[in-house]
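Here are the chains, one letter per residue:
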Amino acid sequence: MKYLVTQSEMKQYDKNTIEYFNYPSIVLMERAALATVEHLRREMGDAGYRVLVVSGCGNNGGDGIAVGRLLMLQGCKVDFTLLGNRENFSKETALQLKILEGYGYEPYDIIPESEYDIVIDAVFGIGLSRDIEGIYKEAVLKINEMDSYVCSIDIPSGIHAGTGHILGCAVRANLTVSYGFIKLGEILYPGAGYCGKIICGQMGIDERSFLGKKPYWYTYDSIDDIRLPMRRPDGNKGTFGKVLVIAGSDSMCGAAVMTGRSVFRMGAGMVKIVTSQKNRDVILEALPEAMLTVYGENFDFEEEFEKSLSWADCILIGPGIGTGSEAVWMLNKCLNESSLPIVIDADGLNILADMIDKPVNRKIILTPHLGEFARLYGCSVKEVSENLTKYPQKLADSMHCIVVCKDARTIVACPDAEKEFINTSGNAGMATAGSGDVLAGIITGLLAQGMEAKEAAVMGVCLHGFAGDMASACCGERSMTATDIIDKLQELIKKIDEYK
């Protein structure tokens, strides 16, 4: 598990370290500078580079001055630019400046018209909460125009540390050395697109600085963190779960195939697909392991559907079913006449959004993309996008269900949660038709094997992202398809099982 912190959390952990552990703030600053120089040398090597440090008035500026001094002592040619009124410098930054002046350096007030190999961005840190203006905006724009390798201190100047929003403008870094813990705003877009390579630099603040109050956000960034349901050696196909997949209208047969295949790939024992009768032949050929119940014929489908509900251990409904009368009827049946765990995706979510009385207090997992989420929540897509750290939790609380809000950074929100998961695996190649169907199938396959709903949602999102990364490495982001993600699931799960 890797924690992601907001600006207020990080400030509290910094305060705890200084006050509770009696750790001098200037020592923290010096260690932060040492960590930055170490990571910068790993990236750039030991050549005598021409370096420009651009610092503001706060402690981030002091960090930058310390980094520049250490680089200077290692043989680099370093210039310093200090922005703002020096009377407003923090105590630590004023001390760093005094040390620097002891070495005979007099900083510039503006960025020199010179060429540099490396620029150290230390204008603003995590405390920034309003748009950048005036000389600071000019400096940020100037840094972005320079043909230099840019290393940002703690966070690129101009990014809101809690939301990833761009506050007027922001530095585009090649490397960001984030102190203590990676900031949430460095993971969320658009801020994530400005950070370049993110490295966590240790400077004396670790989990002991929480003093029992852990961060709200966490992520998994390694397959070492993945947990899969236990595979009983004496089990049978019924042991590993019977899944009812309701997917695929007349023109959306592929949704049923990809969803069913994903459920099987995750280890579910049995799958029954409910779909339009026009999809029968394709599904029988593409997925012969699955059982099939079709609608649109003359026999008593309602009786068959009710038998299927009684047979299943869990339900997945929505991919490609449309919003016609059959789809509406099936979702109502699943919600009102069954207490089984249920994953609702795609068209199922659109139908749910139009229901006056939405179900509550059920083991339900919703998997909306931003458009579907907006319809469920009753807002615009723009509002969702700008409030990813708030709205999913509000929907989860109001409907008493788990919400998997799918975006470049997928969030899993649970009712009354003390901490929430944000996914950092995956890539832009996964923005392709059918990828969401695959995710819904993965989550349902885990749910079928007895995994708790929240864990199934979190692990499903992780597996989906890791498999997507493997597909990208094999096929390239431009060329990969949802089927490639399914194909890589097999390799990924085998690797996890071997590791464990």
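Structure first, text after, so check above.
This report concerns the structure included in the present document. Note that this is a predicted model, so its numbers are computed, not measured. (Residues numbered from 1 in each chain as written. Predicted model: local features only at pLDDT ≥ 70, side-chain atom pairs only at ≥ 80, totals over all residues. Heavy atoms only, no water.)

### With respect to the nonpolar core
Ranked by internal contacts, the top residues of the largest apolar core, which has 91 residues, are Val-51, Leu-71, Ile-120, Ile-365 and Val-412. In terms of residue count, helix α16 (residues 453-475) provides more of this core than any other element does, twelve residues in total. Sequence-distant contacts of Leu-71, that is, excluding residues within four places in its chain, are made with Val-37, Leu-40, Val-51, Cys-76, Val-78 and Ile-120. Listed in part, the 51 residues of the second largest apolar core include Leu-309, Leu-331, Leu-340 and Ile-411. (Core = buried A, V, L, I, M, F, W, Y, C linked by side-chain atoms within 4.5 Å. Buried < 20%, exposed > 50% of the residue type's maximum accessible area, 1.4 Å probe, protein only. Helix = DSSP H or I, 4+ residues; strand = E, 2+ residues; numbered from the N terminus. Contact = heavy atoms within 4.5 Å.)

### Here's the deal with the sheet that holds strand β10 (residues 242-246)
Across the sheet, twelve strands lie side by side as β7-β1-β9-β18-β17-β16-β15-β14-β13-β10-β11-β12; this open sheet has mixed pairing. Pairing within the sheet leaves two strands with one partner each, and these edge strands are β7 (182-183) and β12 (291-295). Relative to β7, strand β1 (residues 2-5) runs parallel, the two sharing two bridges. Across the sheet, residue Leu-4 finds its bridge partner in β7, namely Ile-182. (Pairing = 2+ DSSP bridges.)

### Describing the pattern of salt bridges
Counted by the stated rule, this structure contains 23 salt bridges. Between Lys-278 and Asp-250 there is a salt bridge, with its nearest N and O atoms 3.6 Å apart. Of this pair, Lys-278 sits in the loop between β11 (270-276) and α8 (280-286) while Asp-250 is found in the loop between β10 and α7 (253-265), placing the two residues 28 residues apart along the sequence. Across the pair Lys-406 and Asp-345 runs a salt bridge whose closest N-O atoms are separated by 3.3 Å. With Lys-406 in the loop between β16 (402-405) and β17 (411-413) and Asp-345 in the loop between β14 (342-344) and α11 (347-354), this pair connects stretches of sequence that are 61 residues apart. By relative accessible area, Asp-345 is classed as buried at 1%. Several salt bridges converge on common partners, so that one network encompasses Arg-86, Glu-101, Glu-106 and Asp-109. (Salt bridge = Lys/Arg side-chain N within 4 Å of Asp/Glu carboxyl O.)

### Brief notes about a nonpolar patch on the surface
A surface patch of nonpolar side chains, about 320 Å² in accessible area, is lined by Tyr-20, Phe-21 and Leu-211. By the secondary structure assignment, Leu-211 is in the loop between β8 (197-201) and β9 (217-219). (Patch = residues over 30% accessible without salt bridge, like charges linked within 9 Å, V, L, I, M, F, W, Y side chains within 5 Å. Areas by Shrake-Rupley, 256 points an atom, 1.4 Å probe, with all protein chains shown as cover.)

### Some details on the pairing of β1
In this structure, β1 lies alongside β9, joined through three bridges in antiparallel fashion. Of the residues in β9, the one forming a bridge with Lys-2 is Thr-219.

### What about the packing of helix α15 (residues 435-448) against helix α17 (residues 482-499)?
At a closest axis distance of 8 Å, the pairing of α15 and α17 adopts a crossing angle of 30°. One finds that α15 runs roughly parallel with respect to α17. Here the hand of the crossing between α15 and α17 comes out right-handed. Between α15 and α17, the residues in contact are Ser-435, Val-438 and Ile-442 and Ala-482, Ile-485, Ile-486 and Leu-489, respectively. Of the residues in the contact of α15 with α17, the class split is six nonpolar, one polar and no charged. (Axes fitted to C-alpha atoms, helices over the stretch in contact; angles between N-to-C directions. Parallel < 35°, antiparallel > 145°, perpendicular 65-115°, else oblique. Left-handed = near helix turned anticlockwise from the far one by under 90°. Nonpolar A, V, L, I, M, F, W, Y, C, P; charged D, E, K, R; others polar.)

### Topic: the side chain of Gln-96
Mapped onto the fold, Gln-96 is located in helix α4 (residues 91-102). At 2.9 Å, the side chain of Gln-96 forms a polar contact with the side chain of Arg-69. (Polar contact = N/O pair within 3.5 Å; in protein donor to acceptor, adjacent residues only side chain to side chain.)

### Section: the pairing of strand β2 (residues 50-55)
Among the six residues of β2, five are classified as buried, and the element is accordingly described as predominantly covered. The pairing of β2 with strand β3 (residues 77-82) spans six bridges and is classified as parallel. Following the sheet pairing, Val-54 is matched in β3 by Thr-81. A crossover connection joins β2 to the parallel β3 through helix α3 (residues 59-73); in handedness this β-α-β unit is right-handed. With five bridges connecting them, β2 and strand β4 (residues 118-122) associate as parallel partners. By the bridge assignment for β4, Val-54 is matched with Asp-121. (Right-handed = clockwise from strand over helix to strand, strands pointing away.)

No statement about biological role is implied by the geometric values presented.
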